[in-house]
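# Descriptive analysis of the structure
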Amino acid sequence: QVQLVESGGGLVQPGGSLRLSCAASGGTVSSYWMYWVRQAPGKGLEWISGMKTGGTDTYYADAAKGRFTISRDNAKNTLYLQMESLKSDDTAVYYCAKGGVAYWYLEVWGQGTLVTVSS
């Protein structure tokens with residue numbers, strides 16, 4: 001059973017940066033499509049980034065493009081999301097997720113980590 005645990009969230013001022021981590025156990029992040037999804041207060045889930053199995057191909061939602069970078073460290077079996085130039089609209093609980101046999105189906109999720117962007 002693959003388990004995912006997010007960390008790195010916290011309070012940051014607008015324009016600041018954060019690096020989120022997603023530690024995997026029971027599987028390897030290089031073996032699956034991996035994703036970051038967020039949920040703003042009172043809103044639905046919003047896909048923000050994905051990374052292709054075993055490769056370097058990355059994908060971003062318009063809201064994240066140019067500011068966020070998804071990456072993985074296979075030695076540490078960890079997925080990352082580097083966030084720059086943060087805005088108040090980025091305030092949300094951020095989840096990492098693992099794709100299934102159908103890569104677009106997010107079958108395993110972490111518990112989430114809260115990012116608050118505020119002055």
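In this text the structure is predicted, and so the values were computed from the model without any measurement. The written sequence of each chain sets the order in which its residues are numbered from 1. With pLDDT at 70 or above as the cut-off, local features in this predicted model cover only qualifying residues; side-chain atom pairs require 80 or more to be listed or tallied, and sums for whole chains, interfaces and linings still use all residues. Computation of side-chain values: all heavy atoms of the structure, hydrogens and water removed.

### Concerning the overall build of the protein chain
Helical segments are the DSSP runs of H or I of at least four residues, strand segments are the runs of E of at least two, and each set is numbered from the N terminus. Within the protein chain one finds zero helices and 11 strands. Starting at the N terminus and ending at the C terminus, the protein chain contains elements arranged as β-β-β-β-β-β-β-β-β-β-β. This radius of gyration counts C-alpha atoms alone. The globule rule is 2.2 Å times how many residues there are, raised to the power 0.38. For the protein chain, whose C-alpha radius of gyration is 13 Å, the value lies close to the compact-globule estimate of 14 Å for 119 residues. With respect to the principal axes defined by its C-alpha atoms, the protein chain has extents near 40 × 25 × 25 Å. Note on definitions: a residue-residue contact is assigned when non-hydrogen atoms from the two residues lie within 4.5 Å. For the protein chain, the proportion of contacts with a sequence separation of at least 24, taken over those separated by at least 6, is 53%. Summing over all exposed atoms, the protein chain offers an accessible surface of approximately 6,200 Å²; the carbon and sulfur share of this is 51%. Values of accessible area rely on a 1.4 Å probe in the Shrake-Rupley scheme; residue burial ignores everything except the protein chains shown.

### Digging into the pairing of strand S7 (residues 68-73)
Three exposure classes are used, based on accessible area relative to the maximum for each residue type with a 1.4 Å probe and protein chains only: buried under 20%, partly exposed in between, and exposed over 50%. Only one face of S7 is covered, namely the one carrying Phe68, Ile70 and Arg72; the face carrying Thr69, Ser71 and Asp73 has none of its residues buried. For S7 and strand S8 (residues 78-83), the ladder comprises six bridges, and the chain directions are antiparallel. Among the inter-strand pairings, Phe68 is bridged to a residue of S8, identified as Met83. Think of it this way: DSSP has to see at least two bridges between two strands before they count as a pair. Remark: four residues form the turn of the hairpin made by S7 and S8, two consecutive strands paired antiparallel; Asn77 in that turn has positive phi of roughly 50 degrees.

### Overview of the side chain of Arg67
With respect to the element layout, Arg67 can be found in the loop between strand S6 (58-60) and S7. A residue is classified by how much of its surface remains accessible, and Arg67, at 11% relative accessible area, is buried. Two N or O atoms count as a polar contact when they lie within 3.5 Å, although within protein this holds only if one can serve as hydrogen donor and the other as acceptor, and sequence-adjacent residues are included solely when both atoms are side-chain atoms. Here Ser85 takes part through its backbone oxygen, which lies 3.0 Å from a polar atom of the side chain of Arg67. At a separation of 2.8 Å, a polar atom in the side chain of Arg67 contacts the side chain of Asp90. Other than its neighbours up to four places away in sequence, Arg67 contacts Gln82, Met83, Glu84, Ser85, Leu86, Lys87 and Asp90.

### Focus on a nonpolar patch on the surface
Note that patches include only residues with greater than 30% relative accessible area and no salt bridge, and the join distances are 9 Å for like charges and 5 Å for nonpolar side chains (Val, Leu, Ile, Met, Phe, Trp, Tyr). The rule for a salt bridge is simple: a side-chain nitrogen of Lys or Arg has to be within 4 Å of a carboxyl oxygen of Asp or Glu. On the surface, Tyr103, Trp104 and Tyr105 cluster together into a nonpolar patch covering about 420 Å² of accessible area. By relative accessible area, Trp104 is classed as exposed at 62%.

### Topic: the packing of aromatic side chains
Any pair of aromatic rings gets described here by the distance separating the centres and the angle formed by the planes. Each Phe, Tyr or Trp ring, with Trp reduced to its six-membered ring, pairs with another whose centre is within 6.5 Å; inter-plane angles below 30 degrees give stacked pairs, above 60 give edge-to-face pairs, and intermediate values give tilted ones. Within the structure shown, the criterion is met by four aromatic pairs. With centroids separated by 5.7 Å and ring planes inclined at 25 degrees, the aromatic side chains of Trp33 and Tyr59 adopt a geometry described as stacked. Pair noted here: Trp33 is in the loop between strand S3 (18-25) and strand S4 (34-39) and Tyr59 is in strand S6, with a separation of 26 residues, a long-range link. Measuring from ring centre to ring centre gives 5.9 Å for Tyr95 and Trp109, while their planes differ by 75 degrees; the resulting arrangement is edge-to-face. One end of the pair, Tyr95, is in strand S9 (residues 92-99); the other, Trp109, is in strand S10 (residues 106-109), and 14 residues separate them in sequence. Every member of this aromatic cluster is reached through a ring pair, and the members are Trp33, Tyr35, Tyr59 and Tyr103.

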